[in-house]
Amino acid sequence: MKPRWASTYALQVLQHLRGVGSFADWAAFEEDFQAEFFPIDPAKIATLVLCDREQYGQRKRMLDKYINSFWALVKQAAYPDSLQLCLAFQDSLHSALIKHIDNLAKGHPDDEQIAS
């Protein structure tokens, strides 16, 4: 869930055109709330987040926190393609770290190793 979604939703319900009276009963509110905040397919949402390089990346997070977050998304997505995961992981790392990895003299896989 993105930050401030709940407060935005509350403001929409309380102050916007819909208003509190737009819900017939508690069940109607609960249905609307769940439609707004609970994804229909969490695995699909996790896969989309992993594939969106603009939305997801290391940015200013510490590497270990980013790895843990990435691993949690991978487990939730049940993503089958390991090559795509490796590329997604590397592409979403901080740019300085990517440059450092690319300039390694030892331990850097060459194109043939990646393709196999």
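On a predicted model such as this, the values are computed, not experimentally measured, just so you know. (Residues numbered from 1 in each chain as written. Predicted model: local features only at pLDDT ≥ 70, side-chain atom pairs only at ≥ 80, totals over all residues. Heavy atoms only, no water.)

Enquirer: Go over the side chain of serine 92, please, and point to the residues and values.
Expert: One can find serine 92 in the loop between α5 (82-91) and α6 (95-102). Under the relative-accessibility criterion, serine 92 is labelled buried at 7%. Non-local contacts of serine 92, meaning those with residues more than four positions away in its chain, are made with Tyr56, Gly57, Gln58 and Tyr66. (Helix = DSSP H or I, 4+ residues; strand = E, 2+ residues; numbered from the N terminus. Buried < 20%, exposed > 50% of the residue type's maximum accessible area, 1.4 Å probe, protein only. Contact = heavy atoms within 4.5 Å.)

Enquirer: Please set out the nonpolar core residue by residue, giving values where relevant.
Expert: With 13 residues, the main nonpolar core has Leu50, Tyr56, Tyr66, Phe70, Leu73, Val74 and Leu85 as its most contacted residues. For this core, the secondary-structure elements that each account for two or more residues are α3 (42-51), α4 (63-77) and α5. Looking at this core, the element that brings in the most residues is α4, giving five residues. Every residue in contact with valine 74, bar those within four places of it in the chain, is listed here: Leu50, Tyr79 and Leu85. (Core = buried A, V, L, I, M, F, W, Y, C linked by side-chain atoms within 4.5 Å.)

Enquirer: Which residues make up the environment of alanine 10, and what are the values?
Expert: Along the chain, alanine 10 turns up in helix α1 (residues 5-15). The spacing of alanine 10 and phenylalanine 33 is 23 residues in sequence and 9.9 Å in space, taken between C-alpha atoms.

Enquirer: Before we move on, can you summarise the environment of tyrosine 79 with the specific residues and values?
Expert: As for its placement among the helices and strands, tyrosine 79 is situated in the loop between α4 and α5. Measuring from C-alpha to C-alpha, the distance between tyrosine 79 and alanine 43 comes to 8.6 Å, with 36 residues separating the pair along the chain. Aside from chain neighbours lying at most four places away, what touches tyrosine 79 is Thr47, Cys51, Val74, Gln84 and Leu85.

Enquirer: Just give me the short version of the packing of α4 against α5, but keep the residues and values in it.
Expert: Where α4 meets α5, the closest approach of the two axes is 12 Å, and the angle between their N-to-C directions is 150 degrees. As judged from the angle between their axes, α4 and α5 are roughly antiparallel. Judged by the twist between their axes, the crossing of α4 over α5 is right-handed. Residues Tyr66, Ile67, Phe70 and Val74 of α4 pack against Leu85, Ala88 and Phe89 of α5. Here the contact of α4 with α5 is built from residues that sort into seven nonpolar, no polar and no charged. (Axes fitted to C-alpha atoms, helices over the stretch in contact; angles between N-to-C directions. Parallel < 35°, antiparallel > 145°, perpendicular 65-115°, else oblique. Left-handed = near helix turned anticlockwise from the far one by under 90°. Nonpolar A, V, L, I, M, F, W, Y, C, P; charged D, E, K, R; others polar.)

Enquirer: Tell me what's going on with the packing of α3 against α4, and back it up with residues and numbers.
Expert: A packed helix pair is summarised by two numbers, namely the angle formed by the two axes and the spacing between the axes. Where α3 meets α4, the closest approach of the two axes is 7 Å, and the angle between their N-to-C directions is 135 degrees. By the criterion of interaxial angle, the relationship of α3 to α4 is oblique. The two elements α3 and α4 cross, and the hand of that crossing is left-handed. Within the contact between the two elements, α3 uses Pro42, Ala43, Ala46, Thr47, Val49 and Leu50 and α4 uses Phe70, Leu73, Val74, Gln76 and Ala77. In terms of residue class, the contact of α3 with α4 is built from nine nonpolar, two polar and no charged.

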